[in-house]
Amino acid sequence: AQSVTQPDIHITVSEGASLELRCNYSYGATPYLFWYVQSPGQGLQLLLKYFSGDTLVQGIKGFEAEFKRSQSSFNLRKPSVHWSDAAEYFCALYSSASKIIFGSGTRLSIRP
Amino acid sequence: DTEVTQTPKHLVMGMTNKKSLKCEQHMGHRAMYWYKQKAKKPPELMFVYSYEKLSINESVPSRFSPECPNSSLLNLHLHALQPEDSALYLCASSLTGGADTQYFGPGTRLTVL
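Here is a short report on the structure shown in this document. Residue indices begin from 1 for each chain and proceed along its sequence in written order. Written order decides the labels, with chains lettered from A and ligands numbered from 1. In keeping with the model being predicted, local features are shown solely for residues with a pLDDT of at least 70 and side-chain atom pairs are shown and tallied solely at 80 or more, while totals for entire chains, interfaces and linings include all residues. Note that the side-chain values use all heavy atoms of the structure and ignore hydrogens as well as water.

**Comments concerning the pairing of strand S4 (residues 31–37) of chain B**
All names here are of chain B.
Moving on, step 1. Burial classes follow relative accessibility: with a 1.4 Å probe on protein chains only, a residue under 20% of its type's maximum area counts as buried, one over 50% as exposed, and anything between as partly exposed. Here a strand is any run of E in DSSP of at least two residues, a helix any run of H or I of at least four, and the numbering for each starts at the N terminus. S4 sits mainly inside the fold: seven of its seven residues count as buried.
Moving on, step 2. In this scheme, strands are said to pair when DSSP sees at least two bridges between them. Where S4 and strand S5 (residues 44–50) come together, six bridges link them in antiparallel fashion. When the bridges of S5 are listed, lysine 36 appears paired with glutamate 44.
Moving on, step 3. Linkage of S4 to S5, two consecutive antiparallel strands, is achieved through a turn of six residues, within which lysine 40 is found at a positive phi near 60 degrees.
Moving on, step 4. Sheet topology places S4 next to strand S9 (residues 87–94); seven bridges connect them, and they run antiparallel. Of the residues in S9, the one forming a bridge with tyrosine 33 is alanine 92.

Written as structure tokens, this is what we have:
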């Protein structure tokens, strides 16, 4: 079955610290993977996506993600977080017929 | 222009009201989507339109009625809703559907009294 798991419901990091948000997927073929960010009461903004090629993907706002097929993971990283990064982060997997499977989300809080 | 707009931002309606949500994009995208998002949950797909034709209905109750009058506009007509339908309704669009990146609007916060 196709699925996306985000093991961390809530993470708090200090401003300026590094960040890694975990995402694991289950998919039979080469996956198409996305990371979206959602600020409170707002829509989703695409941070980055992986379709094929280089397994280290650069995105907007200084984020990057690494696709690891052997671990079925697509973890999101940022070397130094800013208070404005506080938001909900969703990992997502393209399923079929225009459908995306979202993970349950990870809420990121920033400690001043 | 990489923006999906949605109106209104907030909507409060009674269970007997009829209202509509509107979504617009001018990116030339031919696939448009409606999602429902409850608090602290990921978005749930409701409908997909591809080239102005309804291609996916995720078993949504008939009190929700989508409409795609043209390639830039997507409506969601609401009638006889229940309080549990209160949620953030998100519209998205993508170039042609499939695995194309979906671009989301800011959403309409719906409260059903």
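**Regarding the interface of chain B and chain A**
Moving on, step 1. In what follows, a contact means two residues having at least one pair of non-hydrogen atoms within 4.5 Å. Opposite the 21 residues of chain B that make contact, chain A presents 20 residues.
Moving on, step 2. Summed over both partners, the interface of chain B with chain A buries about 1,600 Å², with 59% contributed by carbon and sulfur atoms.
Moving on, step 3. Defined here as a combined quantity, buried area equals the accessible surface (1.4 Å probe) lost by two parts on assembly, summed across both. When the buried surface of chain B facing chain A is broken down by residue, Ala99(B), Thr101(B) and Phe104(B) rank first, second and third, together holding 30% of it.
Moving on, step 4. Should a side-chain nitrogen of Lys or Arg be within 4 Å of a carboxyl oxygen of Asp or Glu, the pair is scored as a salt bridge. Notably, a salt bridge pairs Glu58(B) with Lys99(A), separated by 3.0 Å at the nearest N-O pair.
Moving on, step 5. Nitrogen and oxygen atoms within 3.5 Å of one another constitute a polar contact, given that in protein one can donate a hydrogen and the other can accept it, and given that sequence-neighbouring residues count only through two side-chain atoms. Here chain B and chain A share seven residue pairs in polar contact (both at pLDDT 80 or more) between them.
Moving on, step 6. Listing elements by their share of the side of chain B that touches chain A, those giving two or more residues are S4, S5 and S9 of chain B.
Moving on, step 7. Examining the composition of the side of chain B that touches chain A, we find that three residues originate from one element, S4(B), more than from any other.
Moving on, step 8. Within the side of chain B that touches chain A, the residues separate by chemical class into 12 nonpolar, six polar and three charged. In this count, Pro and Cys sit with the nonpolar residues alongside Ala, Val, Leu, Ile, Met, Phe, Trp and Tyr, while Asp, Glu, Lys and Arg are called charged and the others, Gly among them, polar.

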